[in-house]
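Fold and geometry: a report
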Amino acid sequence: GQKLRNFLLDRINPQGQPARPLYYLQVKINVSRTDLGIERDETATRAILVLTADYLLLDRAKQIVLVKGSTQSTNSFNIVASDFATLSAETDATERATREVSDDIKTRLALYFTR
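Below, the structure is looked at part by part.

A few words now on the pairing of strand 3 (residues 64-78). It is a general feature of regular strands that their side chains alternate between the two faces of the sheet. Judged from the 14 bridges that link them, strand 2 (residues 44-59) and strand 3 form a sheet pairing that is antiparallel. Residue pairing for strand 3: Ala-47 is matched across the bridge by Phe-77. In this structure, the hairpin formed by strand 2 and strand 3 is closed by a connection of four residues, where Gln-63 is found at a positive phi of approximately 55 degrees.

Moving on, we get to the packing of aromatic side chains. Counted under the stated rule, the structure contains two aromatic pairs. A centroid spacing of 5.1 Å and a plane angle of 75 degrees characterise the contact between Tyr-112 and Phe-113, whose relative ring orientation is edge-to-face. A relative accessible area of 23% means that Tyr-112 is categorised as partly exposed. Among the aromatic side chains, those forming a connected cluster through ring pairs are Tyr-23, Tyr-112 and Phe-113.

You can see Ser-73 is positioned in strand 3. Within the structure, the side chain of Ser-73 is placed 2.4 Å from the side chain of Glu-100, a separation counted as a polar contact. Once residues lying within four places of it in the same chain are set aside, the contact partners of Ser-73 are Leu-49, Val-50, Leu-51, Ala-97, Glu-100 and Val-101.

So, how was this worked out
- Residues numbered from 1 in each chain as written.
- Predicted model: local features only at pLDDT ≥ 70, side-chain atom pairs only at ≥ 80, totals over all residues.
- Heavy atoms only, no water.
- Pairing = 2+ DSSP bridges.
- Helix = DSSP H or I, 4+ residues; strand = E, 2+ residues; numbered from the N terminus.
- Phe/Tyr/Trp six-rings, centres within 6.5 Å; stacked < 30°, edge-to-face > 60°.
- Buried < 20%, exposed > 50% of the residue type's maximum accessible area, 1.4 Å probe, protein only.
- Polar contact = N/O pair within 3.5 Å; in protein donor to acceptor, adjacent residues only side chain to side chain.
- Contact = heavy atoms within 4.5 Å.

Right, here's the structure in full:
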């Protein structure tokens, strides 16, 4: 959640947070992991990580929802014998998914504001 917040701040407010924002963006995320590539000894060799984000853009003055939507990113990573390497691969997959979701939310909001 913190990484997504930081990516969105960098993309939407590159100059820093405004003193009196006109809008409020609320995002709820869900991360799931599914192990795949099961070997004969029942150990997994591959996993899929799915990050889903539901978002609302609210008008602060009128307290109404302007835009709502959902976006998702799916990434995979290898599960290896080294716990550290597996954790590193999972962290990288999570960061890729977070970056993709933040880019998608930014694009959708930009489309809304260009109308």
